Amino acid sequence: MCDQSATDTITTYVFDPRSLTHAQAMGDACAVCHVKWPRPRHPLGELPDGPEVYGCDECAGFVAAHTAQGRAHALAAH
C-alpha cells in the first residue's frame, strides 16, 4: 500500500537568487517573464532565506497547470 503522507505534502519551489534580477527577487517583477506592471501577486515559490517570489497572472496559471500535471504523473506512477 502507498504511503499517503507523501502525496499530501505541498512542495515549495525554491528559487536561486543568483538567477533572478533585483526586481524579481524583491517581488517587483514576475520571476518568470520579468513583467513589472501590473505588479505580480501570485506566489510561485520562495528564496532560500524565506521571502516569497511572485509571478504575473499568466505565468502563475502556467506554473499551476505544470505543477498539477506533475502531481498527476507522480500519483499515477506511484
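Note that the structure is predicted; figures quoted are calculated from it, not measured. (Residues numbered from 1 in each chain as written. Predicted model: local features only at pLDDT ≥ 70, side-chain atom pairs only at ≥ 80, totals over all residues. Heavy atoms only, no water.)

Caption draft 1: Structural context of the overall build of the protein chain. Tallying secondary structure elements over the protein chain gives three helices and two strands in all. For the protein chain, the sequential pattern of α-helices and β-strands runs α-α-β-β-α. Among the 78 residues that make up the protein chain, the fraction classed as buried is 23%. For the protein chain, the proportion of contacts with a sequence separation of at least 24, taken over those separated by at least 6, is 37%. (Helix = DSSP H or I, 4+ residues; strand = E, 2+ residues; numbered from the N terminus. Buried < 20%, exposed > 50% of the residue type's maximum accessible area, 1.4 Å probe, protein only. Contact = heavy atoms within 4.5 Å.)

Caption draft 2: Structural context of the packing of aromatic side chains. On inspection of all chains with the given rule, the structure shows one aromatic pair. When the centroid spacing of 4.8 Å and the interplanar angle of 85° are considered together, the rings of tyrosine 13 and phenylalanine 15 count as edge-to-face. By relative accessible area, tyrosine 13 is classed as exposed at 54%. A relative accessible area of 12% means that phenylalanine 15 is categorised as buried. (Phe/Tyr/Trp six-rings, centres within 6.5 Å; stacked < 30°, edge-to-face > 60°.)

Caption draft 3: Looking closely at the pairing of strand S2 (residues 52-55). Along S2, the buried face is formed by Val53 and Gly55; none of Glu52 and Tyr54, which line the opposite face, is buried. Sheet topology places strand S1 (residues 42-46) next to S2; four bridges connect them, and they run antiparallel. Pairing of histidine 42 across the sheet is with glycine 55, part of S2. (Pairing = 2+ DSSP bridges.)

Caption draft 4: Layout of the state of the cysteines. Inspection of every chain in the model, using the stated rule, returns zero disulfides. In this structure cysteine 33 is not part of a disulfide, and its nearest cysteine sulfur, from cysteine 59, lies 3.7 Å away. With no disulfide of its own, cysteine 56 lies closest to cysteine 59 among cysteine sulfurs, the gap being 3.6 Å. (Disulfide = S-S within 2.5 Å.)

Caption draft 5: Local environment of the side chain of glutamine 24. Position of glutamine 24 relative to the elements: it lies in helix H2 (residues 22-25). At 2.8 Å, the side chain of glutamine 24 forms a polar contact with the backbone nitrogen of threonine 21. Among all residues touching glutamine 24, those that are not within four sequence positions of it are Ser19, Ala29, Cys30, Ala31, Val32 and His34. (Polar contact = N/O pair within 3.5 Å; in protein donor to acceptor, adjacent residues only side chain to side chain.)

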